[in-house]
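Understanding the architecture of this molecule
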Amino acid sequence: MKIINIIRELEKKAPLAFQESYDNAGLLTGSPEMLCSGILCTLDATIEVLKEAMEKGCNLVVAHHPIVFKGLTKITGKNYVEKAIIYAIKHDIAIYAIHTNLDNVLNGVNFSIAQRLGLINTTILSPKNNQLAKLITYAPIGTAEDITQALFNAGAGHISEYSECSFTVNGMGSYMGSAQSNPTIGKPGVKQFTSETKIEVILPTYLQSQVIEALKNKHPYEEVAYYVIPLLNEYVTVGSGLLGEFSAPIDEMELLTLLKDHFNLSVIKHTPLLNQKITKIAVCGGAGSFLIQAALRAGAQYFISSDIKYHEFFDAENRMVIADIGHWESEQYTTELLFSYLTTKFPNFAVLKTAINTNPVRYFLG
Ligand SMILES: [Zn+2]
């Protein structure tokens, strides 16, 4: 099996188009055409993890964090990033990063946090905009069903929990082909009226080219009339953070204990407790302070994240408890998420989890 086969499956779960603009997800070293000898899943592709991959016979490291985040202008091994890259290239190890694109999908990083806490009714806290379009096309009556199915198969027609969504209406189309045309119905140079079905489907813009290709392959006309219109709708299943609920209200102290136990925490930094029972909470694995306002707007009573700065804790304003559980700690189950996904997709292939704790932070508790 080639590395590209594994990448395709990873990008079905978390398309690269869903990563944030500042991110650098994707294949960082190695070639997609390399034959894969084994996969090692990790949060960080540090040199220790790359050495572990070598020892365990894995030439693909699937990491959450891209070890190369900014452009490298020199690769001389003067820091840990350059050292890791040099090691990976020397030993033919492919590094694939699945970062904010995995944060931004419903069953991604935040879902693995929500699962540990037993949250229900999970929804994206801050859905993405400018990711959806509407395709309108016209087909001779009798061909619309097959065409619509081809559009669905190419990824169009999904709205939240519903698939194969479309709208059709019958009407009259007109056209006149030039002398060089070869119309399926009618003759060149003669104005033609044909009973047609107008088809409308929604699609994520990252799938536009494959949906249009499917349309052109299925449509009987020489020249297919279609319009792709950008939508202002939020993409409710793609975006940052997750909102969820406990099935029964939980005491604030009980929640702190739950976090401590489920995430093996030695310390939790949090704002003053508000003496209330908690039902609705927001979570964001990794640095999540950019979502504090969204969590407040959504009515979250608790926001669990990491890398919150001193002044950002003030933003809770006694309306919500902000709990910083640590960056590595909040994302530690992402390795398991990648491992179980890849094991399901490639049950007879060597998929492993790192045995190394890559957390660079230690706590001195006195
Ligand atoms: Zn992170």
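Computed from a prediction, not measured in an experiment: that's the story for all the values here. Note on numbering: residues in each chain are counted from 1, in written sequence order. Residue-level local features of this predicted model are given only where pLDDT is at least 70; pairs of side-chain atoms are given and counted only at 80 or more, and the full residue set underlies all totals for whole chains, interfaces and linings.

Now for the overall build of the protein chain. A helix here means a DSSP run of H or I that spans at least four residues, while a strand means a run of E at least two residues long, and both kinds are numbered starting from the N terminus. Summing up its helical and strand segments, the protein chain has twelve helices and 15 strands in all. Seen along its three principal axes, the alpha-carbon backbone of the protein chain occupies a region of about 90 × 55 × 40 Å. Using C-beta atoms placed from the backbone, we call a residue buried if 20 or more other C-beta atoms fall within 10 Å of its own, exposed if 12 or fewer do, and partly exposed for counts in between. Buried residues in the protein chain amount to 37% of all 366 residues.

This brings us to the sheet that holds strand β3 (residues 60-65). Strands are treated as partners if at least two bridges between them are detected by DSSP. Here we have five strands laid out as an open sheet, ordered β1-β4-β3-β2-β15, and mixed in their pairing. Each of the sheet's edge strands pairs with one partner strand only, and the pair in question is β1 (26-29) and β15 (351-353). Ignoring which end each strand starts from, the neighbouring axes of this sheet average 30° apart. With three bridges joining them, β1 and strand β4 (residues 94-97) adopt antiparallel strand pairing. When the bridges of β4 are listed, threonine 29 appears paired with isoleucine 95. Lying on the sheet, helix α2 (residues 47-55) is in contact with β2 (39-44) and β3; it crosses β2 at an angle near 170°. To get an axis, a line is fitted to the C-alpha atoms, and for a helix only the part in contact is used. The angle between two axes follows their N-to-C directions and goes from 0 to 180 degrees. Think of it this way: build a C-beta for each residue from its backbone, and any pair within 7 Å is a contact.

This paragraph deals with helix α12 (residues 334-345). By definition here, a helix of n residues has an expected span of 1.5 Å times n minus one. The terminal C-alpha atoms of α12 lie 17 Å apart, and with twelve residues this matches the ideal 16 Å at 1.5 Å per residue to within 8%. The complete set of buried residues in α12 reads Thr334, Thr335, Leu337, Leu338, Tyr341 and Leu342. Buried positions in α12, seen along its axis, are confined to an arc of 160° and lie on one side of it. By construction, the arc corresponds to the directions joining the helix axis to the C-beta atoms.

This part covers the pairing of strand β6 (residues 132-140). Consecutive side chains along a regular strand alternate between the two faces of the sheet. Bridge count between β6 and strand β8 (residues 192-204): nine bridges; the pairing is antiparallel. Paired with lysine 134 across the two strands is isoleucine 202, which belongs to β8. Of the pairings in the sheet, the one linking β6 to strand β9 (residues 226-230) comprises five bridges and is antiparallel in character. Bridge pairing in β9 places threonine 137 opposite tyrosine 226.

What follows deals with unusual backbone geometry. Positive phi values are uncommon outside glycine, yet asparagine 121 reaches one of about 50°. By the element assignment, asparagine 121 lies in strand β5 (residues 120-128).

Okay, the nonpolar core next. Val61, Ile95 and Ala282 are the most contacted members of the largest nonpolar core, which totals 90 residues. Those residues in contact with valine 61, other than ones at most four positions away along the chain, are Leu40, Thr42, Ala45, Val49, Leu50, Ala53, Ile93 and Ile95. Put simply, a nonpolar core is buried Ala, Val, Leu, Ile, Met, Phe, Trp, Tyr and Cys residues tied into one set by C-beta atoms within 7 Å.

Here the domain parsing of the protein chain yields domain 1 (3-102 + 333-353), domain 2 (109-127 + 239-325) and domain 3 (130-233). Residue ranges for the domains trace back to a domain assignment, done automatically or taken from a database. For domain 1 and domain 3, the distance between their C-alpha centroids amounts to 39 Å.

Let us now look at the packing of helix α6 (residues 144-153) against helix α7 (residues 208-218). Packing of α6 against α7 brings their axes to within 8 Å, and their N-to-C directions diverge by 155°. Put simply, α6 runs roughly antiparallel to α7. Note that α6 runs across α7; the crossing there is right-handed. Facing α6, whose interface residues are Asp146, Ile147, Ala150, Leu151 and Asn153, α7 presents Val211, Ala214, Leu215, Asn217 and Lys218. Here the angle decides the label: under 35 degrees means roughly parallel, over 145 means roughly antiparallel, 65 to 115 means roughly perpendicular, and every other value means oblique. In this scheme the crossing of two helices becomes right-handed for a clockwise turn of the near helix relative to the far one and left-handed for an anticlockwise turn of less than a right angle.

Reading across the sheet, the four strands line up as β7-β8-β6-β9 and stay open at both edges, with antiparallel pairing between neighbours. Bordering the open sheet on either side are β7 (167-175) and β9, each of which pairs with just one other strand. Between one strand axis and the next, the sheet turns through 25° on average, direction left out of account. On top of the sheet, α6 reaches β6, β7 and β8; it is set at about 20° to β8, its chief contact. α7 contacts β6, β8 and β9 of the sheet and is inclined by roughly 5° relative to β6.

This brings us to the environment of leucine 28. Along the chain, leucine 28 falls in strand β1. When the C-alpha positions of leucine 28 and isoleucine 85 are compared, they lie 8.8 Å apart, and in sequence the two are 57 residues distant. Ignoring anything within four residues of it in the chain, the contact list for leucine 28 reads Pro66, Ile67, Val68, Ile95, Tyr96 and Ala97.

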